[in-house]
Amino acid sequence: IQRFSLLLGQPSLSLLAVIGAMLLGSGLGSLYSSRFPMRVLTRRVMMFALLTAAGIVLSLVIHPAIIRWALPLSIELRFVVTLLAILPLGFVMGVPFPSGLRMADEADSRGIAAFWGANAVMSVVGSVLAMSLAVGVGFSAALVVGAALYAVVAGIVRLTWRQMLN
């Protein structure tokens, strides 16, 4: 949001574009993930978690270049550029959670409420920790930590989900 405020010129417009693209992208990723059969779900979630980690790190290089390129464009085109720059990252981020819900349902459907509760708690805790980290050591460092956490998710999925399917 901070980076794209420079491109869009207004923090509120940046907030709208970035959050809107993340929500749209993650919704599409969630919808797409429903196509994965259970037998390949572990590998696909690992792949998408690692793609998310790589995409976050790559965004540290690509987004500043996109912003520099798009600055001379009209505000409408800069808004579209922002959406297109963020949407793919939202898409890959949208796969792990609904896939986790499917796996939880497969393992024990009574645990889904706990899964949603953990998601709600960690959404609040994670956003506070991310802002604290960003203010303390910088936005780029906070993104790298987020990327590392997605890589950890891939490892956890590898270690735990295969056992549940057997």
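Heads up: the structure comes first, above all this text.
Just so it is clear, the model here is predicted, and its values are computed rather than measured. (Residues numbered from 1 in each chain as written. Predicted model: local features only at pLDDT ≥ 70, side-chain atom pairs only at ≥ 80, totals over all residues. Heavy atoms only, no water.)

**Student:** Just checking my understanding: could you explain the overall build of the protein for this structure?
**Tutor:** The helix and strand inventory of the protein stands at seven helices and zero strands. Counted from the first residue to the last, the protein has its helices and strands arranged as α-α-α-α-α-α-α. Relative to the 2.2 N^0.38 estimate, which gives 15 Å for 166 residues, the radius of gyration of the protein is 17 Å and therefore close to what a compact globule would have. When its C-alpha atoms are laid out on the principal axes, the protein stretches across 55 × 35 × 25 Å. Long-range pairs, those at least 24 residues apart, make up 76% of the contacts in the protein with a sequence separation of at least 6. For the protein, the computed accessible surface area is about 9,700 Å², with 72% contributed by carbon and sulfur atoms. Across the protein, the 11 positively charged side chains and the 4 negatively charged ones have centroids separated by 13 Å. (Helix = DSSP H or I, 4+ residues; strand = E, 2+ residues; numbered from the N terminus. Rg over C-alpha atoms; globule rule 2.2 N^0.38 Å. Contact = heavy atoms within 4.5 Å. Areas by Shrake-Rupley, 256 points an atom, 1.4 Å probe, with all protein chains shown as cover. Lys, Arg positive; Asp, Glu negative; His and termini not counted. Charge placed at Lys NZ, Arg CZ, Asp CG, Glu CD.)

**Student:** Could you clarify how one ought to interpret the pattern of salt bridges in this entry?
**Tutor:** Pairing is possible between side chains of opposite charge, provided their charged atoms come close. Enumeration over the complete set of coordinates arrives at one salt bridge. The partner of R110 in a salt bridge is D108, with the nearest N and O atoms 3.0 Å apart. Judged by its relative accessible area of 70%, R110 falls in the exposed class. (Salt bridge = Lys/Arg side-chain N within 4 Å of Asp/Glu carboxyl O. Buried < 20%, exposed > 50% of the residue type's maximum accessible area, 1.4 Å probe, protein only.)

**Student:** I keep staring at the packing of helix α3 (residues 38–70) against helix α4 (residues 75–93) and nothing clicks. Help me out?
**Tutor:** Closest axis-to-axis distance for the α3/α4 pair is 8 Å, and the angle between their directions is 170 degrees. Comparing the axis directions of α3 and α4 gives the class roughly antiparallel. Contacts between α3 and α4 pair F48, L51, T52, G55, I56, H63, I66, W69 and A70 from the former with R78, V81, A85, I86, L89, F91, V92 and M93 from the latter. (Axes fitted to C-alpha atoms, helices over the stretch in contact; angles between N-to-C directions. Parallel < 35°, antiparallel > 145°, perpendicular 65-115°, else oblique.)

**Student:** How should the environment of F115 be read in this particular structure?
**Tutor:** In this structure, F115 sits in helix α6 (residues 112–137). Between the alpha carbons of F115 and T160 there is a distance of 15 Å; along the sequence they are 45 residues apart.

**Student:** Help me out: how do you make sense of the packing of aromatic side chains in this one?
**Tutor:** In this description, an aromatic ring pair is defined by two values, namely the gap between the centres and the angle between the planes. Under the definition given, this model contains seven aromatic pairs. Ring centres 5.3 Å apart and planes at 85 degrees place the aromatic pair Y32 and F36 in the edge-to-face group. For Y32, a relative accessible area of 35% puts it in the partly exposed group. Residue F36 is classed as buried on the basis of its relative accessible area, which comes to 3%. A centroid spacing of 5.0 Å and a plane angle of 75 degrees characterise the contact between F97 and W116, whose relative ring orientation is edge-to-face. (Phe/Tyr/Trp six-rings, centres within 6.5 Å; stacked < 30°, edge-to-face > 60°.)

**Student:** Please clarify how α6 should be interpreted in this entry.
**Tutor:** The periodicity of an α-helix, 3.6 residues per turn, causes residues three or four places apart in sequence to face the same way. Between its first and last C-alpha, α6 extends 36 Å over 26 residues, near the 38 Å set by a 1.5 Å rise per residue. Remark: G138 follows α6 within two positions and exhibits a positive phi of approximately 115 degrees. (Expected span 1.5 Å × (residues − 1).)

**Student:** How should I be thinking about the packing of helix α5 (residues 96–108) against α6 in this particular structure?
**Tutor:** Packed helices, taken two at a time, are described by their axes: the angle between them and the distance between them. Where α5 meets α6, the axes come as close as 9 Å, and the angle between the chain directions of the two elements is 150 degrees. For the element pair α5 / α6, the angle class is roughly antiparallel. By crossing handedness, the relation of α5 to α6 is classed as right-handed. Judged by residue contacts, F97, G100, L101, A104, D105 and D108 of α5 engage I112, F115, W116 and N119 from α6. Grouping the constituent residues of the contact of α5 with α6 by class yields six nonpolar, two polar and two charged. (Left-handed = near helix turned anticlockwise from the far one by under 90°. Nonpolar A, V, L, I, M, F, W, Y, C, P; charged D, E, K, R; others polar.)

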